[in-house]
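Okay, here's what each chain looks like letter by letter:
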Amino acid sequence: MTGGNRLPLGKFLDDLPKTLYVVAHIVFLAIGVWLWPRARGDALPYSEALLLYTLSQIVFFGYFANWITLKMAVLAEQTLMVAMVLVIVLRAT
């Protein structure tokens, strides 16, 4: 079904200020930075994979600074998430 006045799901998010997204990614980054040493200190397996999560959040600051496009930020973030999953699964098996 095409045409009409239907908006894509989440289109309303385009109207929110960029600052809100910056704050969200600062919180996500802070969580990753907070969890990594805890996981490492408790000798949790594959704790280094949390570094990939943390890096994925840093990528978005490139978008917020207008250094990369949103599509590039999402592609890089998803690539790091796939790498994180691969590290966890391949080391566990």
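Just above, that's the structure.
Residues numbered from 1 in each chain as written. Predicted model: local features only at pLDDT ≥ 70, side-chain atom pairs only at ≥ 80, totals over all residues. Heavy atoms only, no water.

Moving on: helix α2 (residues 49-64). Buried within α2 are the following residues: Ala49, Leu52, Thr54, Ser56, Gln57, Val59, Phe60, Gly62 and Phe64. As for α2, its buried residues are in contact with α1 (18-41) and α3 (70-92). Where α2 terminates, the next one or two residues include Asn66, which has phi positive at roughly 65 degrees. (Buried < 20%, exposed > 50% of the residue type's maximum accessible area, 1.4 Å probe, protein only. Helix = DSSP H or I, 4+ residues; strand = E, 2+ residues; numbered from the N terminus. Contact = heavy atoms within 4.5 Å.)

Following the sequence through the fold, Ser47 ends up in the loop between α1 and α2. For Ser47, a relative accessible area of 10% puts it in the buried group. In this structure, Ser47 is in contact with Trp36, Ala39 and Arg40, ignoring residues within four places of it in sequence.

This part is about the packing of aromatic side chains. All chains considered together, the criterion is met by 2 aromatic pairs. One aromatic cluster is present, built from ring pairs that chain together Phe61, Tyr63 and Phe64. Residue placement shows Lys18 over the ring face of Tyr63; its charged tip is 5.1 Å from the ring centre. (Phe/Tyr/Trp six-rings, centres within 6.5 Å; stacked < 30°, edge-to-face > 60°. Lys NZ or Arg CZ within 6 Å of the ring centre and 35° of its normal.)

Purely geometric stuff here, so don't read any function into it on its own.
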